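Understanding the architecture of this molecule
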Amino acid sequence: MSRTIRAALVQARWTGDRETMVKVHEEHARSAAALGAQVICFQELFYGPYFCQVQDAAFYSYAESVPGPIVDRFAALAAELGIVMILPVYEQEQPGILYNTAAVVDADGSFLGKYRKTHIPHVTGFWEKFYFRPGNLGYPVFDTAVGRIGVYICYDRHFPEGWRALGLNGAELVFNPSATSRGLSNYLWKLEQPAAAVANEYYVGAVNRVGVEDLGDDDFYGTSYFVDPEGTFVDGTADAHEPELLVRDLDMSLLTTVRDRWAFYRDRRPDTYGDLTAP
C-alpha cells in the first residue's frame, strides 16, 4: 500500500540571540504545518550559535534538561500543529554532565525520547569535547505518528556503525541535524548520507545551518536535503547560502521496493551466517 510522508527541514542563520532564534523556528514549524508537513527537523543546537568554534564556559548556559523548557515549549507547539518534531538541543543531565542531544516529540506533543550524539569531534573550529560527553543511549528508533524515526547528529555521519544500527533497529527515516562548514566537508556532504540511505534502505533527512557567525570562520553551507533509499535527492537540495524551509514528499513504498530487491536485511544479519566463532 502506498504511503507518503510530507517532511520538513529548517536551515537557519544565527539571529544573534536565543529568543529570536526560538521564534524563527516556531514560525518555520507553523509554515511547515500549513504546507501539510507531518514531521520537521531543526539543525544541530538550533536555538543558539554554533558555539563550539570557541572554548568558553559561558556557553554552558545554553544547556538545560531534556525534557525541559525548550522541549516543553515545542512539544506544546507540536500538539497544536499535529506535527512530529526532532529538536536538537544542548542537554544537561546533571551539573557538569552535558550532551549534544536530539529530543523526539510526537504529533500529540508527547516526549518519545532522545538520542545523544555518539562521536564528538575536537578539531579547529569544532571544539566539541569542551562541551559534550559522548552519547550513552545507543541508537534508538522512535515509533511516531509518521513511522519509525532515527536520529544521527553531524559528526556521527562519518561513522557507519550507527547508520547500520538504526537500520537494523527498524528505522524508515533518519534525520541528521548538522553544523558543518564550507571547505571542510563539502565533498562528503553529498556522498556519505546518500551512501548510508542506500546501504541501510531508508530515507535520510540532512539539515545544515547557513552563514558565518561572529564566533569564528566556519561558513555553514546549508544545502539541506532528503535522500531516498536509491540515493536520489528528493526534488533537489536547499540553498547553499540562505535560510530555507525545505518541504518534500517521501514515498515510503520505495522502502519495500528496495528491500525486496536487495534483501539486505536478510543477508547482513549475523545469524544468517551461523556462529562465526565455531571451529
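Shown above is the structure to which this text applies.
All values derive from a computational prediction rather than experimental measurement.

1. Some words on the sheet that holds strand β9 (residues 147-151)
For sheets, the rule is that strands pair by backbone hydrogen bonds, running either parallel or antiparallel. Overall, mixed pairing links the five strands, which are arranged β8-β9-β10-β11-β14 in an open sheet. Edge positions in the sheet fall to β8 (141-144) and β14 (225-227), since each has one partner strand and no second. Adjacent strand axes in the sheet meet at a mean angle of 25 degrees when their direction is disregarded. Pairing analysis gives three bridges linking strand β11 (residues 203-208) to β14, with the strands arranged antiparallel. From the neighbouring strand, Gly205 faces β14, where its bridge partner is Phe226. Sitting on the sheet, helix α3 (residues 160-168) touches β8, β9, β10 (173-178) and β11, and the angle it makes with β10 is about 150 degrees.

2. As for α3
Burial in α3 covers these residues: Gly162, Trp163, Leu166 and Gly167. Take α3 and look down its axis: the buried residues cluster within an arc of 140 degrees, on one side only.

3. Regarding the nonpolar core
Grouped together as the largest cluster of nonpolar side chains are 46 residues, with contacts concentrated most on Val39, Ile86, Phe175 and Phe226. A total of four residues in this core trace back to one element, the largest contributor, which is β11. The next biggest cluster of nonpolar side chains, apart from the first, holds 42 residues, and it includes Ala32, Ala78, Leu98 and Phe220.

4. Structural notes on the layout of surface pockets
Taken as a whole, the largest pocket spans an internal volume of roughly 190 Å³. Together, 15 residues line the largest pocket, and Phe126, Tyr155, His158, Thr180 and Leu184 are the ones closest to its centre.

5. Overview of the state of the cysteines
Enumeration according to the criterion identifies zero disulfides in this entry. Of the cysteine sulfurs around Cys41, a residue in no disulfide, the closest is that of Cys154, at 12 Å. On the basis of relative accessibility, which here comes to 0%, the residue Cys41 falls in the buried class. We note that Cys52 lacks a disulfide partner, and the nearest cysteine sulfur, in Cys154, lies 9.3 Å from it.

6. Some remarks on the side chain of Asp218
Tracing the backbone shows Asp218 in the loop between β12 (210-212) and β13 (219-221). For the buried Asp218, no salt bridge exists, and the shortest N-O distance to an oppositely charged side chain is 8.9 Å, to Arg209. If near-sequence neighbours (up to four positions away) are discounted, Asp218 is found in contact with Tyr50, Gln53, Gly125, Phe126, Ser181, Gly211, Val212 and Glu213.

7. A few points about the packing of aromatic side chains
Each aromatic ring pair is specified by the distance between its two centres and by the angle formed by the two planes. For the coordinates displayed, the defined rule picks out 28 aromatic pairs. Relative to Phe59, the ring of Phe51 has its centre 5.4 Å away and its plane inclined at 10 degrees; by these criteria the two rings are stacked. Phe59 carries the same exposure label as Phe51, and that label is buried. Of the aromatic side chains, those joined through ring pairs into one cluster are Phe42, Phe46, Tyr47, Phe51, Phe59, Tyr60, Tyr62, Phe74, Tyr90, Phe130, Tyr131 and Phe132. Cation over ring: Arg116 sits above Tyr99, and NZ or CZ is 4.0 Å from the ring centre. Positioned above the aromatic ring of Phe220 is the side chain of Arg209, whose terminal nitrogen or guanidinium carbon lies 5.9 Å from the ring centre.

8. Here's the deal with the sheet that holds strand β3 (residues 84-94)
Here we have six strands laid out as an open sheet, ordered β5-β4-β3-β2-β1-β15, and mixed in their pairing. Each edge of the sheet is formed by a strand with only one pairing partner; in this case those strands are β5 (111-116) and β15 (244-251). For this sheet the average axis-to-axis angle between neighbouring strands, irrespective of direction, equals 30 degrees. Two elements, strand β1 (residues 4-11) and β15, share eight bridges in a ladder whose sense is antiparallel. Opposite Ala8, over in β15, you have Val247 as the bridge partner. Against the sheet, helix α2 (residues 69-81) touches β3, β4 (97-105) and β5, its axis set at about 160 degrees to β3.

Calculation criteria
- Residues numbered from 1 in each chain as written.
- Predicted model: local features only at pLDDT ≥ 70, side-chain atom pairs only at ≥ 80, totals over all residues.
- Heavy atoms only, no water.
- Pairing = 2+ DSSP bridges.
- Helix = DSSP H or I, 4+ residues; strand = E, 2+ residues; numbered from the N terminus.
- Axes fitted to C-alpha atoms, helices over the stretch in contact; angles between N-to-C directions.
- Contact = heavy atoms within 4.5 Å.
- Buried < 20%, exposed > 50% of the residue type's maximum accessible area, 1.4 Å probe, protein only.
- Arc of directions from axis to C-beta.
- Core = buried A, V, L, I, M, F, W, Y, C linked by side-chain atoms within 4.5 Å.
- 1 Å grid on protein atoms, 1.4 Å probe; cavity = no way out; pocket = protein on both sides within 12 Å on 5 of 7 lines; lining within 4 Å.
- Points joined across faces, edges and corners; volume = space filled by probe spheres on them.
- Disulfide = S-S within 2.5 Å.
- Lys, Arg positive; Asp, Glu negative; His and termini not counted.
- Salt bridge = Lys/Arg side-chain N within 4 Å of Asp/Glu carboxyl O.
- Phe/Tyr/Trp six-rings, centres within 6.5 Å; stacked < 30°, edge-to-face > 60°.
- Lys NZ or Arg CZ within 6 Å of the ring centre and 35° of its normal.

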